[in-house]
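Listed below are the residues making up each chain.
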2 protein chains.
Amino acid sequence: MRVEKPEALRKPLIIPHKTLMGAGPSNCTPRILHALSQPVLGHLHTETTKIMDEVKAGIQYIFQTRNELTLAVSASGHGGMETVMCNLLEPGEKVLVATNGIWGERASNMAERYGSVPVKVTTEPGNNFSLAQLEMALMKHKPVMLFIVQGESSTGVYQPLEGLGDLCHRFNCLLAVDTVASLGGVPVLADEWGIDAIYTGTQKVLGAPPGITPISFSDRAKQKIFNRKTEIQVFYWDMKILGDYWACFGNPRVYHHTISTTLLYGLREALAMVAEEGIQSVIERHENCARLLREGLEKLGLQLYVSDASKRLPTITTVKVPHGVQWKDVTNYAMNRFLVEIAGGLGPTANKVFRIGLMGYNASPEKVEYVLRVMQESVEMAKKMKPSKL
Amino acid sequence: MRVEKPEALRKPLIIPHKTLMGAGPSNCTPRILHALSQPVLGHLHTETTKIMDEVKAGIQYIFQTRNELTLAVSASGHGGMETVMCNLLEPGEKVLVATNGIWGERASNMAERYGSVPVKVTTEPGNNFSLAQLEMALMKHKPVMLFIVQGESSTGVYQPLEGLGDLCHRFNCLLAVDTVASLGGVPVLADEWGIDAIYTGTQKVLGAPPGITPISFSDRAKQKIFNRKTEIQVFYWDMKILGDYWACFGNPRVYHHTISTTLLYGLREALAMVAEEGIQSVIERHENCARLLREGLEKLGLQLYVSDASKRLPTITTVKVPHGVQWKDVTNYAMNRFLVEIAGGLGPTANKVFRIGLMGYNASPEKVEYVLRVMQESVEMAKKMKPSKL
């Protein structure tokens, strides 16, 4: 053999037990980690399809939807975003992308690749969109779809969605919503709010591993998918055939791809835990913890990045980097000394903020106290460091 | 809340311990299952990127390649196939697809979605392609790429690849090879054979869970990717940016998507186990087990589907369904009585064959004996059943 065995693979796999309080992933509960180690099953075994049905019902519950076309895509959250773009947009069609952080940029990039025409409505990072502003943009651009992010994780901004579905539908426009960083931290009422396409991440509030992405399409969206003039370009994300694998259209299941039962087990347990606690209680727990965190941070003399309290996301809190402190010194200290992950900024907030995630397993008063102590010590230590240390 | 908690999620998750001897997935070893339950890490944590480097080196080893652009795509094997198509084909370009089973059909479907033009060279199911036949087709069609499957899992046919790279390159054509069902059961020498794009499955010989797919591109393929006239349509599979996340081009790592560290741990351990045993020994073990299985099946009076012994795949053995037996009675009995999965046919072999997989953890003489006993009893029982039982 010409290519020798890699030496590095001879060492054992050792994974540290960190506390993940950045922008995600968050920690899985022991119950979910245990589920991941269960034996793999075939992609069409009776037990697998039963779990798929349970996962579908759990996703309908967390999205508060009765959409038939509800399933989980075998890819990370980015795959969810791309699934929306390639199913609901045809070449040449206009999509309005609400952009106030990194996710709008990413969505525009994806839409463009499929030959559609993204137009942006923007507001400054740290702010969200008013219905009036979105109405103006819809009127001006006449898009076939509006894409908007409920929780912009790069800035820690919450976007209210009430009334937006009706508004879009008046303009004959579909409403697509990214709830990757928000679901479970704020209410999501997909049917009541008239959302036509919605997806979320497994590795945030749900606390399951990434790699599988809950997604749901309204009947209005389904009509669009089944009446396209052009074929959906990605086989892997073609809802017309993937929907049959997930038994969404009343037809017999058809093999589409080999689903990862491992990730399905994790997601199933995550959904079961949310159902046991109740989605409303989960949301309240996140809101309470976020309040405690904000109060604690302000007591430490730190400033929140989102000035308007009503626009703050409970799941990810953005904190301004204090003057005279290198953000990387803080996050490095927290990681090295405590194995605690605090994230830096991203996109428009790069170098400007810390991002502290309180999601799922980590959204507890004890963890809030812990991360406040970690922040206090880490910022103090960073203040003492010479800038040259960077 | 309008959508109530699903009752089914209140029950505990109970996964049976089956013996998976169908066409895949195969069973994971206890070491791999244990790795899956390790804590999730962030997608750019030091430990994560170190494991990504180890996984990359392990993939280079199993493919026997020094290709820089070697990584794992965060999707099932179908994602690997689609990654090849959307990176290496531009709209209007011709791809020659060698078709003697289901995978060629699937590849053509994918290629067509991206606007390229698939043309087929075919041979009957149960047979493979000669160099001469492929040369004729290359001469006739002048494609930019030839796509061929080394192990056609629907028929149990092995496709030799020696000499094919040189042949393709003489026609200024790239060679793309699917080794999902073959790698680890037969030799794969990507560099020596001049393969330009290659991918495999994790859930077959490697015995890790599905959901992450090893893939590698030659420098010739990389040239094509970086000199495309049109943009790669799928963000998720765009090797130009995904390659940077995997540090394939010497640039700093850039966030592309949230990789599933869970699946990464499983793949890492699977590659480590192959490296410990040695890829050559793994291949010999599979060849020996396949020989024992074929001998045993013939002793039971069963007939192999692939008549030419040199064309039989060691990993998946196809067996003709005996006269007077309903195949489903046999596989149902094996599953219900022994929790053993035997697969039926697929595509051209539907209703005609059983497919018995000996892959990874299950490729042992003990398992061969076991599956032979299971087959014997299941076929006997099926013979006694009235056809009306179906």
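As annotated in an unreviewed UniProt entry, chain A is Alanine--glyoxylate aminotransferase from Nicrophorus vespilloides. What UniProt states about chain A under its Cofactor (unreviewed entry) heading is, verbatim, "pyridoxal 5'-phosphate".

A. Here's a closer look at the relation of the copies chain A and chain B. With an RMSD of 0.0 Å, chain A superimposes on chain B once it is rotated by 180 degrees and translated 0.0 Å along the axis. Such a combination of turn and shift is consistent with a two-fold rotation axis. When you check the interface residues of chain A against chain B, 100% turn up at the interface there too, and the contact is symmetric in its surfaces.

B. Expanded view of the packing of helix α10 (residues 279-299) of chain B against helix α12 (residues 365-384) of chain B. Residues and elements named next belong to chain B. Look at α10 against α12: their axes get within 9 Å of each other, and the N-to-C directions meet at 25 degrees. With respect to their mutual orientation, α10 and α12 come out roughly parallel. The two elements α10 and α12 cross, and the hand of that crossing is right-handed. Residue-level inspection shows Cys289, Leu292, Leu293, Gly296 and Leu297 of α10 in contact with α12, the latter providing Pro365, Val368, Val371, Leu372 and Met375. A breakdown of the residues in the contact of α10 with α12 according to their chemical character gives nine nonpolar, one polar and no charged.

C. Structural context of the nonpolar core. Trp237(A), Trp246(A), Trp237(B) and Trp246(B) are the most contacted members of the largest nonpolar core, which has 216 residues in total. Residues in contact with Trp246(B), not counting those within four places in the same chain, are Met52(B), Val55(B), Lys56(B), Leu71(B), Ala72(B), Arg253(B), Ile259(B) and Leu264(B).

D. Quick peek at the pairing of strand β3 (residues 94-99) of chain B. Residues and elements named next belong to chain B. In terms of burial, β3 is largely enclosed, as five of its six residues are buried. Bridge analysis of β3 against strand β4 (residues 117-122) gives six bridges, and the strand direction is parallel. Along β4, the bridge assignment pairs Val97 with Lys120. The handedness of the β3 to β4 crossover, carried by helix α4 (residues 102-113), is right-handed. Direction of pairing for β3 relative to strand β5 (residues 145-149): parallel, over a ladder of three bridges. Following the sheet pairing, Val95 is matched in β5 by Met145.

E. Spatial organisation of the side chain of Gln203(B). Its location among the elements puts Gln203(B) in the loop between β9 (197-199) and β10 (213-217). Since its relative accessible area comes to 4%, Gln203(B) is described here as buried. Within the structure, the side chain of Gln203(B) is placed 3.4 Å from the side chain of Thr202(B), a separation counted as a polar contact. Setting aside residues up to four positions removed in sequence, Gln203(B) forms contacts with Thr258(A), Gly24(B), Pro25(B), Ser26(B), Ala208(B), Pro209(B) and Pro210(B).

F. The arrangement of the packing of aromatic side chains in detail. Under the defined criterion, the tally for this structure stands at 13 aromatic pairs over all chains. Relative to Phe249(B), the ring of Phe226(B) has its centre 5.2 Å away and its plane inclined at 85 degrees; by these criteria the two rings are edge-to-face. Remark: Phe249(B) occurs in the loop between α8 (239-245) and α9 (261-277) and Phe226(B) occurs in helix α7 (residues 219-226); sequence separation between them is 23 residues. The class for Phe226(B) is partly exposed, based on a relative accessible area of 42%. Overall, the relative accessible area of 18% leaves Phe249(B) in the buried class. An aromatic cluster of three or more residues is present, and its members are Tyr236(A), Trp237(A), Tyr236(B) and Trp237(B). Just above the ring of Tyr361(A) sits the side chain of Lys367(A); from NZ or CZ to the centre is 5.0 Å. Sitting above the plane of the Phe338(B) ring, Arg337(B) keeps its charged end 5.0 Å from the centroid.

G. Broad picture of helix α5 (residues 131-141) of chain B. Residue and element names in this part refer to chain B. Within α5, burial applies to Leu134, Ala137, Leu138 and His141. Taken end-on, α5 shows its buried residues confined to a sector of 100 degrees, consistent with a single buried face. Relative to its buried face, α5 has exposed residues pointing more than 90 degrees away, namely Met136 and Lys140. Elements that come into contact with the buried residues of α5 comprise β3, β4, β5 and α6 (164-170). After α5 finishes, the residue Lys142 shows a positive phi value of roughly 45 degrees.

H. Spatial organisation of the environment of Ala190(A). All names here are of chain A. For Ala190, the location among the structural elements is in the loop between β8 (174-178) and β9 (197-199). Residue classification places Ala190 among the buried positions, given a relative accessible area of 1%. Not counting the four nearest positions on each side in its chain, Ala190 is found in contact with Phe63, Gln64, Thr65, Ile195 and Ile198.

I. Region of the structure containing the pattern of salt bridges. Within this structure, the stated rule accounts for 42 salt bridges over all chains. A salt bridge links Lys120(A) to Glu105(A), with the shortest nitrogen-to-oxygen separation between them at 3.0 Å. Remark: Glu105(A) occurs in helix α4 (residues 102-113) and Lys120(A) occurs in strand β4 (residues 117-122); sequence separation between them is 15 residues. A salt bridge links Asp238(A) to Arg113(B), with the nearest nitrogen and oxygen atoms 2.9 Å apart. With Asp238(A) in the loop between α7 (219-226) and α8 (239-245) and Arg113(B) in helix α4, this residue pair bridges two chains. Accessibility classification places Asp238(A) together with Arg113(B) in one group, the buried group. Sharing partners across several salt bridges, the network here consists of Arg31(A), Lys50(A), Glu54(A), Arg268(A), Glu269(A) and Glu276(A).

J. Broad picture of the sheet that holds strand β3 (residues 94-99) of chain A. All names here are of chain A. Read from one edge of the open sheet, seven strands run β2-β10-β9-β8-β5-β3-β4, paired in mixed fashion. What marks the edges here is a single partner per strand, and that holds for β2 (69-73) and β4. On average, adjacent strands in this sheet sit at an angle of 20 degrees to one another, irrespective of strand direction. Bridging between β9 and strand β10 (residues 213-217) involves three bridges; their strand directions are antiparallel. If you follow Ala197 over to β10, its bridge partner there is Phe217. Packed on one face of the sheet, helix α5 (residues 131-141) meets β3, β4 and β5 (145-149) and runs near 150 degrees to β4.

K. Representation of unusual backbone geometry within the structure. Omega for the peptide link from Gly24(A) to Pro25(A) comes to 0 degrees, which places this bond in the cis form. By the element assignment, Pro25(A) lies in the loop between β1 (19-20) and α1 (30-36). Positive phi outside glycine occurs at Ala247(A), with the angle close to 55 degrees. Inspection of the secondary structure puts Ala247(A) in the loop between α8 and α9 (261-277). On the basis of relative accessible area, Ala247(A) is assigned to the partly exposed category, the value being 26%. You will see that Asn351(B), though not glycine, has its phi angle at about 70 degrees, which is positive. Within the secondary structure layout, Asn351(B) lies in the loop between β13 (343-344) and β14 (353-357). Residue Asn351(B) is classed as exposed on the basis of its relative accessible area, which comes to 55%.

L. Expanded view of the interface of chain A and chain B. At the junction of the two partners, chain A supplies 87 residues and chain B supplies 87 residues. Across the contact surface, chain A and chain B share eight salt bridges. The partner of Arg2(B) in a salt bridge is Glu192(A), with the nearest N and O atoms 2.4 Å apart. There are 36 residue pairs in polar contact (both at pLDDT 80 or more) connecting chain A and chain B.

Cut-off values and rules
Residues numbered from 1 in each chain as written. Chains lettered and ligands numbered in written order. Predicted model: local features only at pLDDT ≥ 70, side-chain atom pairs only at ≥ 80, totals over all residues. Heavy atoms only, no water. UniProt positions renumbered as here; feature names shortened; annotations may be inferred. Least-squares fit on C-alpha atoms with pLDDT ≥ 70 in both. Contact = heavy atoms within 4.5 Å. Axes fitted to C-alpha atoms, helices over the stretch in contact; angles between N-to-C directions. Helix = DSSP H or I, 4+ residues; strand = E, 2+ residues; numbered from the N terminus. Parallel < 35°, antiparallel > 145°, perpendicular 65-115°, else oblique. Left-handed = near helix turned anticlockwise from the far one by under 90°. Nonpolar A, V, L, I, M, F, W, Y, C, P; charged D, E, K, R; others polar. Core = buried A, V, L, I, M, F, W, Y, C linked by side-chain atoms within 4.5 Å. Buried < 20%, exposed > 50% of the residue type's maximum accessible area, 1.4 Å probe, protein only. Pairing = 2+ DSSP bridges. Right-handed = clockwise from strand over helix to strand, strands pointing away. Polar contact = N/O pair within 3.5 Å; in protein donor to acceptor, adjacent residues only side chain to side chain. Phe/Tyr/Trp six-rings, centres within 6.5 Å; stacked < 30°, edge-to-face > 60°. Lys NZ or Arg CZ within 6 Å of the ring centre and 35° of its normal. Arc of directions from axis to C-beta. Salt bridge = Lys/Arg side-chain N within 4 Å of Asp/Glu carboxyl O.

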